[in-house]
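The primary structure of each chain is shown beneath.
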Amino acid sequence: MGRTRRRLLHFSAAACALLGAAFTAPLGAAPAAARPPPVVAVVGDSLSAEFGLARGSGWVSLLAQRLAARPSGASVLNASISGDTTAGGLARLPALLKEAHPAIVVIELGGNDALRGTPIPEVRRNLDAMAARAAAAGAKVLILGIQVPPNYGRRYNDEFAQMYAAVAAAHDAALVPFMLKGVADRPDARDWFQADGIHPIAKAHPLILDNVWPALEPLLKR
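Thresholds applied
- Residues numbered from 1 in each chain as written.
- Predicted model: local features only at pLDDT ≥ 70, side-chain atom pairs only at ≥ 80, totals over all residues.
- Heavy atoms only, no water.
- Axes fitted to C-alpha atoms, helices over the stretch in contact; angles between N-to-C directions.
- Helix = DSSP H or I, 4+ residues; strand = E, 2+ residues; numbered from the N terminus.
- Parallel < 35°, antiparallel > 145°, perpendicular 65-115°, else oblique.
- Contact = heavy atoms within 4.5 Å.
- Nonpolar A, V, L, I, M, F, W, Y, C, P; charged D, E, K, R; others polar.
- pLDDT = per-residue confidence, 0-100.
- Pairing = 2+ DSSP bridges.
- Buried < 20%, exposed > 50% of the residue type's maximum accessible area, 1.4 Å probe, protein only.
- Phe/Tyr/Trp six-rings, centres within 6.5 Å; stacked < 30°, edge-to-face > 60°.

Glancing now at the packing of helix H3 (residues 86-100) against helix H5 (residues 120-136). Running from N to C, H3 and H5 cross one another at 10°; their axes reach a closest spacing of 9 Å. Here H5 runs roughly parallel to H3, going by the angle between their axes. Contacts between H3 and H5 involve Thr86, Ala87, Gly89, Leu90, Leu93, Pro94 and Leu97 on the former and, on the latter, Val123, Asn126, Leu127, Ala129, Met130, Arg133 and Ala134. For the contact of H3 with H5, the per-class residue count stands at 10 nonpolar, three polar and one charged.

In C-alpha cells form, the structure reads like this:
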C-alpha cells in the first residue's frame, strides 16, 4: 500500500469518528437554559405596601435592594395591598402563583382580620390554605406574624400569636413570630409610628427587614 493511500485511509477513519460522534448526540439537543433568578413574592397588607411612606422606603423595597446586591440575583414581587385580609390574599394567590412562579412566598396578613373582628379559626383556615397552595406550587413559605393591641384581651392576643406558629408548623414553613419586634414593643414606640398608631414610619422599616431576614435568607440557599 502506498504512502498516499495510507494517509487517505487515516483521514477517512478520523472523519468517520467525528461523524459518528456527531450522530450519537441527541437530535435537537440545545445548551441547557440558564435558570431564571428566583422570585420572592410578598403577599401582605399595608405594613408591606408602603402605606404613608415615600416609595422605596418600606421593608419590601429595602429587601429588593439587598437581594439585588447578592449573586443569586433574586427579585422581589410586592403583591401587598393596603387593607387586605387573609381572605383577600387567598383569593388572589392562585393567579400570582400561576403568573409569577415564585420560589418563595412571604405571607404577611391577619392584622386587618383582627381589626374587623374575624374569628381566629377563620383567619387560620385562610392562612392554612395560602400556605398549602404556595407549597403545592413548589414555593417555600415564610409566615410573618403580628400582634394585636392589648385592648383585645390577653386570651385573644395569645391565641392570635399562636395561630401563626401553628400554621407554620403545619406546613413546614419558616416563621417570624412578630415582624414588628423592636418597633411596637419599645418604650418609645409611639415615636416609631405614623399618626394612626398602626403603621410604622420609615426609620422602623430597616428594623422590620432585620426581623425578616434571618428567616428568609436560609430559604434562598435551599
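Attention now moves to the confidence of the model for the protein chain. On average, the protein chain scores 87 in pLDDT, and the residues at 70 or more come to 84%. Within the model, pLDDT remains below 50 along residues 1-26, and this stretch shows two contacts once partners closer than five positions in the same chain are excluded.

A separate point is the sheet that holds strand E2 (residues 75-78). Strand order in this open sheet of five strands is E2-E1-E3-E4-E5, and the pairing throughout is parallel. Two strands bound the open sheet, and with one partner strand each, they are E2 and strand E5 (174-176). Pairs of neighbouring strands in the sheet enclose a mean axial angle of 20°, with direction left out of account. With respect to the sheet, H3 is in contact with strand E1 (39-44), E2 and strand E3 (104-108), its orientation differing from that of E1 by roughly 165°.

Burial analysis of E3 places five of its five residues in the buried class, which makes it a mostly covered element. Side-chain alternation along E3 places Ile104, Val106 and Glu108 on one buried face and Val105 and Ile107 on a second face that is also buried. Strand direction decides the pairing type here: E1 and E3, joined by five bridges, are parallel. Looking at the pairing, alanine 41 lines up with valine 105 of E3.

Let us now look at the side chain of threonine 85. With respect to the helices and strands, the residue threonine 85 is situated in the loop between E2 and H3. Exposure remark for threonine 85: the relative accessible area of 12% places this residue in the buried category. When near neighbours in sequence (up to four residues on either side) are disregarded, threonine 85 contacts Leu109, Asn112, Asp113 and Arg116.

Phi is positive for glutamate 50, which is not a glycine, with a value near 60°. Among the secondary structure elements, glutamate 50 is positioned in the loop between E1 and helix H2 (59-68). The phi dihedral of histidine 101 falls on the positive side, at around 50°, and the residue is not glycine. You can see histidine 101 is positioned in the loop between H3 and E3. We classify histidine 101 as exposed; its relative accessible area is 60%.

This next bit is on the packing of aromatic side chains. Evaluated as defined, the whole model comprises three aromatic pairs. Ring plane angle 20° and centroid distance 5.9 Å describe the contact between tyrosine 156 and phenylalanine 160, whose orientation is recorded as stacked. You can see tyrosine 156 and its partner phenylalanine 160 sitting in helix H6 (residues 154-170), four residues apart, about one turn around the helix. Among the residues examined, phenylalanine 160 registers a relative accessible area of 0% and is labelled buried.

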